[in-house]
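Each chain, written out:
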Amino acid sequence: MKKILVANRGEIAIRVMKTAQKMGIKTVAVYSTADRNSPHVKYADEAVWIGESPSNKSYLLGSKIIEVAKVLNVDAIHPGYGFLSENAEFADEVEKNNIIFIGPKPKSIEIMGSKLAAKEAVLKYNIPMVPGVDHAIIDIEEAKETAKLIGFPILIKASAGGGGKGMRIVEKESDFETQMNRAISEAVAAFGDGSVFIEKYVASSRHIEIQIMADSHGNVLYFFERECSIQRRHQKVIEEAPSSVLTPEIRKKMGEAAVLVAKSCDYLGAGTVEFLYDENDNFYFLEMNTRLQVEHPVSEMISGVDLVELQIRVARGEALAIKQEDLKIKGHALELRVYAEDCMNDFLPSVGLLDVYQLPTGEGIRVDNGFEQGMDVPIFYDPMLSKLITYGKSREEAIEIMLKAIDKYKIEGVETTLPFGKFVFEHEAFRSGKFDTNFVKKYYSPEVIVDQKAKEAEIAALIALKQYFEDQKIVRLPN
Amino acid sequence: MSSDFKVKVNDTFEFDFNTENTSKLDSVSVEKNKFHILQKNLPYKAEIICSDFNQKKYTVKVNNNIYQVAISNPLDILIKELGFGAGISKVIQLLKAPMPGLILEINVEVGQTVKENDNLLILTAMKMENSLLSPRDGVIKSIAINVGDSVIKGDLLIEFE
Amino acid sequence: MENKIKELNDKIALASLGGGLKRIQKQHEKKRLSARERVDYLMDEGSFEEIGMLVTHRTSDFGMDKEIYYGDGVITGYGTINGRLVYIFAQDFTVFGGSLSETHAEKICKVMEMAVKMGAPMIGLNDSGGARIQEGVRSLGGYADIFYRNVQASGVIPQISAIMGPCAGGAVYSPAMTDFTMMVEGSSYMFVTGPNVVKAVTNETVTSEELGGAIAHSTKSGVAHIVSGNDQECLDDLKRLLSYLPQSNKETPAKLPYVLDDEIRMKLAAVIPESTNKPYDMHEVISGIIDTDSFYEIHKNFAENIIVGFARLAGRSVGIIANQPLFLAGVLGVRSSKKAARFTRFCDCFNIPLIVLVDVPGFLPGTDQEWEGIIIHGAKLLYALSEATVPRVTVITRKAYGGAYDVMNSKHIGADMNFAWPTAEIAVMGAKGASEIIFKKEISDAEDHEAKLLEKENEYAELFANPYIAAQRGFIDEVILPQDTRRKLIKAFSMLENKVSVTPNRKHGNIPL
């Protein structure tokens, strides 16, 4: 494999290209009009413009990307996450054009892409699942009845959804219809597929997922778990590895279950099996993400592997050289997703120019970054600026390093989730490990951060006023 | 006239201070324009980044966060009280875009009566659909945008009677 | 020593209160700022140095020696506005109604003299009931002292008067002789004789506001150049006005930084309507020529058929005179001529170059114009422009007929550069009028008078309603595209920056007043 095209942008494009470079493979970047000056374009060996700024006119144009790949004699395409990474048709087209798709086979994507099909495939392996409906809802009245049977609160999920999108909690029957309509409309807009299904909403749960890697020689390994329970609006903001609650026995059970899930769809490459973990230490299969995930770095840190490298090796047809028994957890890793969002204004996107953007550096700090000082944060794409990852010998150490890193991370021009991250990592519930997916709802309100800001604002006001009084004393002459 | 000053920070926080407050502040000048402050036993690092004496505006960094400070002296406060400013602010008249995005749906018409929390329009941004709910009961006076329009944060969307 | 210091501080505290807190409150209730508050607001933070805070009056007639106020009803001194030295007097209505006494006038004269010596603008905030009756002739003398110094300073330093309260009787002559008079809507008025006397003598019933309020003086008499909504706005407007003016006649106004671009303004290409008889707003042409948002109009609501005001061209302060086709087709009349003439002379005093935009079909006909003396007043503008030695550049956008062509800064009266748009019509009169005269016989001989007239009219328009005959003679230096106007003007004024013009040695000319 001599040349890889990365069909993505931002930090993940750079992340993949870094490993490719390490392995001596040439890289091709693709970019839209808005991304002309993005770091990933400058990082690659070759770069090609593929369309106008909106995603559907650039990064989602599979055919255009394949065209570019053919012209440049690319050997393989890495889709990153999001965009076309879980698009079975795209994967199929890529292979049909004799280019290697660094990821699972189209069929696996298809099966696991539909939550309903996934559940069906997994059924024969006796893997525990959440009570719910196994088919897509068409009739709202019927759905309402089913919801009443399962018992409120229920969760409406888009079958084609993922990454936390296309999910809505319905607390009571009266909200059901509006929420259902909204969910279907959102699903159609985001995924092109309006089919939704419902399942019981487990109120107090943790979101724990297992990283797996499968090669073409029948080997499937699991690289331990990631704890992703700190979410807002069902999207992950903070992840860690390993989870602070799993015992080695449960870890083994979940790992092996994950391997079975991968086998059930004839999986190839990197993937993540998501589980719901309730307060009674039971775990339920949720879904499988047939791609490399945003939070993969934390798994890399504790297991000492480069997952992208393994992806490329597997895609090349190599057998995985490691054995499951050789894999050991070492240390603890944390990740904070740095989004350009205003955590004091309901996490609404904060658009602007990065007047100041300086990354923290130091022992145990890794930043997977996609932006530079002076760049505009475009409105067309996900508002993630970077991932701030820290690693320590213990969970406590990792948290301390993270807090220092947050302070050293200088961003001005947009609001970010850094203050939110600070709040979480300083919070007793997080530090003790006693939290679930309700953490944000339970403990976080903008007032907490406003409070801190208020104290600082008071200091700013006093210092300014003091300086003003000093300035008044200085003699001023006409110019 | 009292010697009370109104100090506004980032247009969000407002304080009433006088010379007593500033003299009580426990601050030590570390370098030119850099200070170490102790308030309620907690330490703060402050730095004056920018100062415009004539406009009475200062930019201060406290513990890595930037704050824009605007000082009003007693005369400014008096002028404000005299009410030279045009127009008395009424109940929420204008609905502005809380963030940039695309107008997906407009659910009301000019002249329509709406109740608080009615769904007025849908704004999509960064792959999320956001319903903008009415902040009050009222009648729609005008709608400044059309379906498919792209808006930036602060753009006027709907005006109430 | 401490007692002495206390004594001083007590006096200062007393002086700062003027007529007392109660009276200041009353001002506030009427939505007016006190004199001290006005000065504080106007001047740069901490820059004001008061002169004569402890002056008191010397009258003992009518028991006046029992009522003494420090400052005697006027605050005088110097300070900076946006960093520039200015001198100011602000009358204090809370002390004896701001009335003028011998000592009050002395204070004002003192700062006026300093302003002239130091070469800095003189600002007067008028808020006074008039002469202090108890002082008798002494106050009249005080007024005259001020008037004399107004004249000595005229054309040496800019003098701006802001009427922020009453200004009646003889007092009005000082603002009248200053360069600009500003008034505050609803709370200021000026007249020589007030409503009471008017009623007694002529039996006319009229209110102060109607007789001499801001609206009356900005629309009817032209005494007020600028009208502001309230005290704060008035002071803001004053600051803004100052920014266009130099410190004295020895300097040119300060230039703002400006980065040059291609300076093409395509919107000007569409301003002139197809039909020569359709009006357009000359303000649009102005905004297409000057720096964004830099226009400061003077006499906005007076003689609206001509526009005058200050603006910036690539950061340089300029004066603009422009006919306004929207009003009375942009003709010149008695009031518009006077308005433009005085503005021209002010700019000439203070080294402010002039841009003259021309679209004038002639002078306004009519008995009231003729009997008002349009002959003399039209000549005023002609004289003022001819006399001005500052760089002056003309742009003829459309009509320039007859004598008005000569008057509106034609080449012959010393304009430095004369431009014309392709839509310019430089002719002795409009096509219709000219044809009626020249082809009189042909038209009366013809069968269809109307049609012949139209035919001849078109012939004439073809031949003469254009800028080319004038251009052929060099009366127009260049015919330019509208969108290039700004570019051309910037280059022209840059070239003209160091213009030196020699005037004949004489005491002064005899402009038809």
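The shown structure was predicted, so the numbers you read here are calculated from the model rather than taken from an experiment. (Residues numbered from 1 in each chain as written. Chains lettered and ligands numbered in written order. Predicted model: local features only at pLDDT ≥ 70, side-chain atom pairs only at ≥ 80, totals over all residues. Heavy atoms only, no water.)

Even after reading the chapter, I still don't get unusual backbone geometry, so can you show me in this structure?
The bulk of non-glycine residues show a negative phi, and the bulk of peptide bonds are trans. Here the amide bond leading from Ala241(A) into Pro242(A) is cis, since omega sits at -5 degrees, within 30 degrees of zero. Along the chain, Pro242(A) turns up in the loop between β11 (235-241) and α9 (248-264). Here the phi dihedral of Asn41(B) falls at roughly 70 degrees; this positive angle occurs in a residue that is not glycine. Take Asn41(B): it is sitting in the loop between β4 (34-39) and β5 (42-52). A relative accessible area of 76% places Asn41(B) in the exposed class. (Helix = DSSP H or I, 4+ residues; strand = E, 2+ residues; numbered from the N terminus. Buried < 20%, exposed > 50% of the residue type's maximum accessible area, 1.4 Å probe, protein only.)

I tried to follow the environment of Tyr87(C) on my own but got confused; where do I start?
Residue and element names in this part refer to chain C. Mapped onto the elements, Tyr-87 comes out in strand β3 (residues 84-91). Distance from Tyr-87 to Pro-273, taken between C-alpha atoms, is 48 Å for residues 186 residues apart in sequence. Excluding anything up to four places from it in sequence, Tyr-87 contacts Gly-77, Tyr-78, Val-111, Met-114, Ala-115, Met-118, Ala-120, Pro-121, Met-122 and Ile-123. (Contact = heavy atoms within 4.5 Å.)

Would you mind going over the sheet that holds strand β1 (residues 5-9) of chain B with me for this structure?
Strand pairing in a sheet relies on backbone hydrogen bonds, with the paired strands running either antiparallel or parallel. Read across the sheet, seven strands follow the order β2-β1-β7-β6-β5-β4-β3 (chain B) without closing on themselves; strand pairing throughout is antiparallel. Each of the sheet's edge strands pairs with one partner strand only, and the pair in question is β2 (13-17) and β3 (26-31) of chain B. Across the sheet, the axes of successive neighbouring strands diverge by a mean angle of 30 degrees, strand direction being ignored. When β5(B) meets strand β6 (residues 57-62) of chain B, the two strands line up antiparallel, connected through six bridges. Each bridged residue has a counterpart across the sheet, and for Asp52(B) the counterpart in β6(B) is Lys57(B). Together, β1, β2, β3, β4, β5, β6 and β7 (65-72) of chain B form the strand contacts of helix α16 (residues 446-473) of chain A, whose direction differs from that of β2(B) by roughly 45 degrees. (Pairing = 2+ DSSP bridges. Axes fitted to C-alpha atoms, helices over the stretch in contact; angles between N-to-C directions.)

Sorry if this is basic, but what is going on with the packing of aromatic side chains here?
The geometry of an aromatic ring pair is captured by the separation of the ring centres together with the interplanar angle, meaning the angle of the planes. By the definition in use, this model includes 35 aromatic pairs over all chains. Seen from their ring centres, Phe469(A) and Phe5(B) are 5.3 Å apart, and the 75 degrees between their planes marks the pair as edge-to-face. With one member in each of two chains, Phe469(A) in helix α16 and Phe5(B) in strand β1 form a pair that bridges those chains. Overall, Phe469(A) belongs to the buried group, its relative accessible area being 12%. Phe5(B) sits in the buried class, given a relative accessible area of 9%. Ring pairing ties together the aromatic residues Phe347(A), Phe420(A), Phe423(A), Phe425(A), Phe430(A), Phe435(A), Phe439(A), Tyr443(A) and Tyr444(A), which thus form one cluster. Cation over ring: Arg312(C) sits above Tyr244(C), and NZ or CZ is 4.6 Å from the ring centre. (Phe/Tyr/Trp six-rings, centres within 6.5 Å; stacked < 30°, edge-to-face > 60°. Lys NZ or Arg CZ within 6 Å of the ring centre and 35° of its normal.)

The values are spatial; any link to function lies outside them.
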